[in-house]
Each structure stands twice: as structure tokens, then as C-alpha cells.
Amino acid sequence: MEIHEIVDEMMEEIVVAPELKERILDKTVRAGQVKKGFFHQAGGIRRSMVLAAAAILFLMAAVTVTAVAVKRWNRNAVKNFPATAEQQEELLEEGYADNLSEREAGDEEILSATDNGITVSVKQTVSDGYCLYIYLEVEAEDNLELPVAMDIITFGESDMGTGFPWTDGSGGSRGIKDDPRKCGYGWYCIGNEQVDVNGRMIGCHLKDIEISEAETGKLYVVEGEWNLQWSGSNSIGEKVIEVNKTLQEEKGETRLKKLYISPLSYKLTYEMDEGLEADWNHEWKTVMFHMKDGTVFDPSNEMRDPYRTKKQQIEFFGRVLDMEEIDSIVIGEGEAAVEVMME
Amino acid sequence: MNMATKYIASAKEMDAAPKPDIEQMIEEHGDFLLRFCTLYLKDKMLAEDALQDTFIRAWKKQDTYRGEASCRTWLTKIALNVCRNYLRSPWSRRIEVTDFWELTEGRDGGYGQVDSRLDVMNAILQLKEKYRVVILLHYYEELSVKEIASIMGKKEATVLTQLKRGRECLHKLLKEQA
């Protein structure tokens with residue numbers, strides 16, 4: 001029996017309830033009528049009250065903004081790489097994050113490049129010693145007839161001169177829904193060894209953008225070349241834990257050595273038995289972060305695979321982890337799992 | 001004028017394309033999408049919210065639907081993005097449901113004889129998110145690797161690898177359950 005048959009049969013009771021259907025219709029096809037009716041019935045006084053309340057809210061928001069000038073990441077980047085307001089401020093101050101959309105280009109920096117009617121700009125970076133996240137925005141000129149709404153699939157050819165050799169894009173069209181001619185693109189880079197990019201010029205050469213039309217999935221290629229470069233920024237400090245424990249698995253032993261943890265990633269170093277080394281590419285270690293509030297953070301639940309070699313495994317969280325809140329780290333699965341307490 | 005312009009469809013073509021009818025879409029694809037969201041999010045209540053958000057987005061974007069992809073694929077892509085946003089939200093709670101009956105509120109009546117099917121459902125729930133989603137898209141939605149790569153914004157090679165690993169994990173889990 002095929003999976004789709006099994007799922008349909010086993011979930012035959014999971015159906016759209018009439019109330020849910022009504023709720024959806026209220027919020028879609030009937031929404032316009034409801035809004036119009038409200039203001040018709042509201043009349044003079046209620047309408048004035050609504051407008052007055054809106055004015056008060058606007059004033060309150062303005063006062064709040066004036067009083068607290070807090071540093072933030074690029075707002076579209078945050079939708080792609082989640083971080084609370086507090087975490088954004090902290091990581092900017094500690095040098096992990098750089099909001100390039102908020103500053104002028106320095107000497108030799110090219111933060112934005114245009115070719116063939118398409119502008120590519122670097123807006124935000126988030127980086128520690130082993131991982132670098134780059135958020136790019138791609139924008140089409142107003143008079144350019146691009147597909148109605150676009151998703152970036154990938155840059156046909158790319159050379160990321162970052163010092164982090166292993167790279168992967170993570171799709172586009174994140175958070176710029178209001179503007180179909182704009183698209184965000186997150187790029188994850190991971191390195192074998194610790195990389196210090198502070199003060200170094202990071203170069204990014206992109207050739208030909210592959211675009212998927214958001215609604216149909218139809219593919220297009222926009223030919224062109226875009227060269228960006230900017231002065232790098234990262235924080236290479238991390239917490240180092242001496243693990244010195246052995247993970248006893250069916251196929252052999254893995255001697256766990258050190259765990260390097262930052263708010264953005266971890267690196268686990270180890271030595272494997274020969275039997276395990278043969279299959280190292282598939283046999284990565286599960287690393288779970290048990291938090292003080294009882295929740296468990298499993299970085300491999302994010303959409304990226306860990307980067308691993310026969311000697312180490314590195315995983316980019318794709319979000320910010322509060323290191324103060326980590327209680328313990330569990331490496332491996334089942335009875336063989338090893339627990340390391342966060343000191 | 002330039003390379004980008006030669007790929008677009010004309011405004012006339014867009015006007016001619018049939019516009020989706022939300023009520024009809026709920027009738028035809030609602031159950032399927034709700035099941036997809038439930039298995040992806042591992043939470044029935046959250047899945048109902050996701051379904052609602054999916055149709056609200058589809059409603060707002062209906063003018064851009066050109067009928068070139070199947071309606072179900074178009075809606076699946078929207079649902080996928082909605083679910084991903086839910087899971088990526090810093091406020092989202094990590095859901096560790098691995099038992100199918102827990103997900104479906106303990107309705108196990110009548111399924112006593114279908115242990116192997118239950119094993120498959122439990123194994124799907126135990127898969128990591130990245131494998132669960134490609135397995136569901138390929139084997140439940142029956143999308144091709146190319147279509148999955150397109151709607152997930154991933155390379156085809158990445159999708160192939162994740163499908164392979166997802167299948168391996170499924171086999172391993174089913175073997176353990178047996």
C-alpha cells in the first residue's frame with residue numbers, strides 16, 4: 001500500500017470541520033462585506049472613537065520609538081533568521097551581527113550592485129567563528145516586467161569569498177510579501193576551522209539568478225553578474241567544554257573530545273573507530289540542547305544538515321540560542337546517549 | 001530590452017487565467033491540506049490555524065494565480081511556507097509528538113488490525129522535520145523532485161539526498177518497531 005493511501009485512510013477523521021470552513025470564509029470572501037458594514041453601522045460617534053483610539057495608539061508608538069532608540073537587525077532578515085529584539089541588540093553589540101542596511105558603504109565596500117535591471121544588496125550578516133549567515137535582497141526595477149511575484153532559487157554561479165568553504169542557500173521570498181519585485185535570500189556558510197573575518201573584506205561574486213515564479217513554480221534565468229564586497233564582522237568567542245566521553249554504538253565507538261558552543265552554532269570534535277569512519281558521511285551524531293525551562297532544542301530540526309568530517313561535526317542553529325539557558329547537552333541517541341552538563 | 005523581460009507572460013494571459021474559488025478549494029483540497037499540516041506541525045489545533053492562514057494567503061494572492069501549476073501544488077506551497085513560519089517562530093513550542101493516536105486525540109477504535117499502517121504513521125511522525133516534509137511532499141502529495149526543489153527553494157540534489165536519508169530513517173524506524 002502506498003504512503004498516500006495509508007495517510008488518507010489513517011487520517012480519514014481529520015477533515016475540515018464546518019465551523020473551520022465558515023471561519024475561513026468569514027476571513028476571506030466575506031471579509032470585505034463585514035468591514036464595510038462595520039463602518040456603515042458605526043456612524044459618527046463610534047467612527048470618531050475608533051479614529052481617536054487610533055491616534056492615541058499612534059502617539060504612544062511614536063513616544064516609545066523616540067524614548068528607546070534600540071539597535072535592530074534588518075527587519076526582513078529577522079523573518080528569515082529568527083531573533084528576539086533583545087537577542088538582536090545583544091548580538092549587534094557583541095559583534096556577531098552586522099546590519100549593513102543601516103550603514104553607508106565604507107572605502108572599497110560595494111553593498112549593492114545592479115545588472116540587467118536587477119539589484120542585489122547585502123543587508124545583514126550574522127556570524128561566529130564557524131558559521132556565517134548572509135542575507136541578500138534582490139530587487140527588480142519598476143519598469144522591468146518580471147514574473148508577478150518571485151522566489152529566488154539560487155544564483156547560477158556563485159563564489160563566496162568568505163573563508164567559510166561550505167555554503168548553501170536557503171530559498172528566497174522571505175518576508176517581503178508586500179512587494180512582489182523584491183525577494184530576500186539567506187545564505188549559510190560553514191567552515192572547517194575557526195575563521196576571523198573582522199576587518200577582512202568579504203567578496204561575493206554572483207552570476208545569473210534563477211528565479212521561480214512564486215505562484216506557478218515556473219523557472220526563469222536572469223542573466224547578469226553582481227559583485228559585492230564588504231568589511232566582515234564576527235565574534236569568534238565560544239564556550240569550550242571538555243567532553244571526554246565515549247559514545248558506544250552498534251557499529252563501533254566514537255570518542256567525543258570537545259564541544260564548542262556559541263549562540264549560533266556548535267562544533268563537536270571526536271575520533272571514530274575505523275568501522276564507523278567508512279560510513280561517516282551518513283552517521284552524524286544527534287546533539288540536543290536541554291534548556292532550563294524543560295524544552296529541548298534540536299538543531300537538526302532546522303532545514304539544514306550538519307556539516308561533518310571524520311573528525312568533527314558543525315551545525316548552524318539558524319536561530320539564536322540563549323547560552324545562559326542551556327542546562328545540558330545530550331549527544332547520541334537511545335541508551336548510548338551521553339549527557340554533558342553546561343558548566 | 002534585456003534577458004529578464006523575455007520570460008514573462010502577458011497581462012492578457014493573466015487576465016484569461018481562471019481565478020480560484022476559495023469555497024471550492026476548501027471542498028476539494030481542504031482535507032488533504034489539513035492532514036499535510038497536521039503531520040508537518042504534529043499538532044492538530046496548530047494545523048487548523050495553518051489551514052486558515054493558508055486560505056487567507058491564497059485569497060489575498062488569488063490575482064496572481066495563473067493556473068499553470070495545479071491548484072493543489074499552489075496551495076501546498078503556501079501551506080508549506082505557513083507551517084515553516086510557525087516552526088521557525090521564536091515563540092513556537094517544540095512539539096515532540098511521536099504517537100499517532102496522541103495526534104488524533106486517541107481515536108484508535110477500529111484500527112486494531114492495521115498495525116503496519118500505524119507503524120508507518122508513527123515512523124513519519126518520528127522523522128526529523130526536514131525529512132518528514134520531503135517524504136510527505138513526494139509520497140503523499142506525489143510531487144516530483146524538481147517540483148519539491150522549486151517550492152522549497154532547494155537544489156534538486158539536496159532534495160534527492162534528503163529523500164534518500166528520509167527513506168533510510170523510515171526503514172530504520174519501521175525495523176525497530178517490528
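About the criteria used
Residues numbered from 1 in each chain as written. Chains lettered and ligands numbered in written order. Predicted model: local features only at pLDDT ≥ 70, side-chain atom pairs only at ≥ 80, totals over all residues. Heavy atoms only, no water. Helix = DSSP H or I, 4+ residues; strand = E, 2+ residues; numbered from the N terminus. Buried < 20%, exposed > 50% of the residue type's maximum accessible area, 1.4 Å probe, protein only. Contact = heavy atoms within 4.5 Å. Pairing = 2+ DSSP bridges. pLDDT = per-residue confidence, 0-100. Core = buried A, V, L, I, M, F, W, Y, C linked by side-chain atoms within 4.5 Å. Axes fitted to C-alpha atoms, helices over the stretch in contact; angles between N-to-C directions. Left-handed = near helix turned anticlockwise from the far one by under 90°. Nonpolar A, V, L, I, M, F, W, Y, C, P; charged D, E, K, R; others polar. Expected span 1.5 Å × (residues − 1). Polar contact = N/O pair within 3.5 Å; in protein donor to acceptor, adjacent residues only side chain to side chain. Phe/Tyr/Trp six-rings, centres within 6.5 Å; stacked < 30°, edge-to-face > 60°. Lys NZ or Arg CZ within 6 Å of the ring centre and 35° of its normal.

Draft legend 1. Quick peek at the overall build of chain A. Counting its regular elements, chain A contains 6 helices and 18 strands. The burial tally for chain A puts 50% of its 343 residues in the buried class. Sequence separation of at least 24 residues holds for 64% of the intrachain contacts in chain A that already meet a minimum separation of 6.

Draft legend 2. Region of the structure containing the sheet that holds strand E11 (residues 252-261) of chain A. Residues and elements named next belong to chain A. Ordered in space as E10-E11-E12-E16-E15, the 5 strands form an open sheet in which the pairing is antiparallel. Each having just a single partner strand, strand E10 (239-249) and strand E15 (307-308) make up the two edges of the open sheet. Here E10 pairs with E11 via 9 bridges, running antiparallel. Note on E11: the bridge partner recorded for Glu249 is Gly252.

Draft legend 3. Focus on the environment of Thr38(B). Among the structural elements, Thr38(B) can be located in helix H2 (residues 22-41). Along the chain, Thr38(B) and Ala50(B) lie 12 residues apart, while their C-alpha atoms are 9.0 Å from each other.

Draft legend 4. Spotlight on the confidence of the model for chain A. Overall, the predicted model of chain A reaches an average pLDDT of 79, with 76% of residues at or above 70. Here residues 32-50 of chain A scores under 50 on pLDDT; set against residues more than four positions off or in separate chains, the count is 5 contacts.

Draft legend 5. Seen up close, the environment of Lys123(A). Residue and element names in this part refer to chain A. Its location among the elements puts Lys123 in strand E3 (residues 118-127). Through-space distance from the C-alpha of Lys123 to that of Arg75 is 9.7 Å; in sequence the pair is 48 residues apart. When residues no more than four places from it in sequence are discounted, the contact partners of Lys123 are Asn74, Asp98, Asn99, Leu100, Ser101, Tyr135 and Glu137.

Draft legend 6. Representation of unusual backbone geometry. All names here are of chain A. Unusually for a residue other than glycine, Asn244 sits at a positive phi of about 45°. Its place among the elements puts Asn244 in strand E10. Judged by relative accessible area, which is 57%, Asn244 ranks as exposed.

Draft legend 7. Local environment of the nonpolar core. Phe36(B), Phe55(B) and Leu137(B) are the most contacted members of the largest nonpolar core, which totals 61 residues. For this core, the leading source of residues is H2(B), giving 11 residues. Among residues more than four places away in sequence, those in contact with Phe55(B) are Ile24(A), Thr28(A), Ile22(B), Met25(B), Ile26(B), Gly30(B), Leu33(B) and Leu75(B).

Draft legend 8. Here's a closer look at the environment of Glu325(A). Residues and elements named next belong to chain A. Take Glu325: it is sitting in the loop between strand E16 (312-316) and strand E17 (326-331). On the accessibility criterion, Glu325 (35% relative accessible area) is partly exposed. Separated by 34 residues in the primary sequence, Glu325 and Met291 place their C-alpha atoms 5.6 Å from one another. With residues up to four places along the chain from it excluded, the contact list for Glu325 reads Met291 and Lys292.

Draft legend 9. Layout of the sheet that holds strand E14 (residues 296-297) of chain A. All names here are of chain A. Read across the sheet, 4 strands follow the order E14-E13-E17-E18 without closing on themselves; strand pairing throughout is antiparallel. The open sheet has two edge strands with one neighbour each: E14 and strand E18 (338-341). With 4 bridges joining them, E17 and E18 adopt antiparallel strand pairing. The partner of Val330 across the bridge, within E18, is Glu339.

Draft legend 10. Summary view of the packing of helix H2 (residues 18-27) of chain A against helix H3 (residues 44-60) of chain B. Contact pair H2(A) / H3(B): the axes reach a minimum separation of 9 Å and the direction vectors enclose 35°. Crossing angle aside, the handedness with which H2(A) passes H3(B) is right-handed. Listed contacts from H3(B) to Leu20(A), Arg23(A), Ile24(A) and Lys27(A) of H2(A) are Glu48(B), Asp49(B), Leu51(B), Gln52(B), Phe55(B) and Ile56(B). Here the contact of H2(A) with H3(B) is composed, by residue class, of 5 nonpolar, 1 polar and 4 charged.

Draft legend 11. Representation of H2(B) within the structure. Residue and element names in this part refer to chain B. If you check H2, its first and last C-alpha atoms are just 23 Å apart, much less than what 20 residues at 1.5 Å a residue would give, namely 28 Å. With 15 of 20 residues buried, H2 is to be regarded as a mostly interior element. Structurally, the start of H2 carries an N-cap: the backbone nitrogen of Glu23 is 3.0 Å from a side-chain oxygen of Asp21.

Draft legend 12. Seen up close, the packing of aromatic side chains. Residues and elements named next belong to chain A. Tallied over the full model, the rule gives 14 aromatic pairs over all chains. Centre to centre, the rings of Phe81 and Phe316 are 5.9 Å apart; their planes meet at 65°, and the pair counts as edge-to-face. Taken together, the positions of Phe81 in the loop between helix H4 (75-80) and helix H5 (85-93) and Phe316 in strand E16 put the pair 235 residues apart, joining distant regions of the chain. The exposure class assigned to Phe316 is buried, which follows from its relative accessible area of 3%. When the centroid spacing of 5.9 Å and the interplanar angle of 50° are considered together, the rings of Tyr266 and Phe289 count as tilted. With Tyr266 in strand E12 (residues 265-272) and Phe289 in strand E13 (residues 287-291), the pair connects residues that are 23 residues apart, well separated along the chain. Judged on exposure class, the residue Tyr266 and its partner Phe289 are both buried. Among the aromatic side chains, those forming a connected cluster through ring pairs are Trp73, Phe81, Tyr133, Tyr188 and Phe316. Taking the ring centre of Tyr260 as reference, the NZ or CZ of Lys267 above it sits at 4.9 Å.

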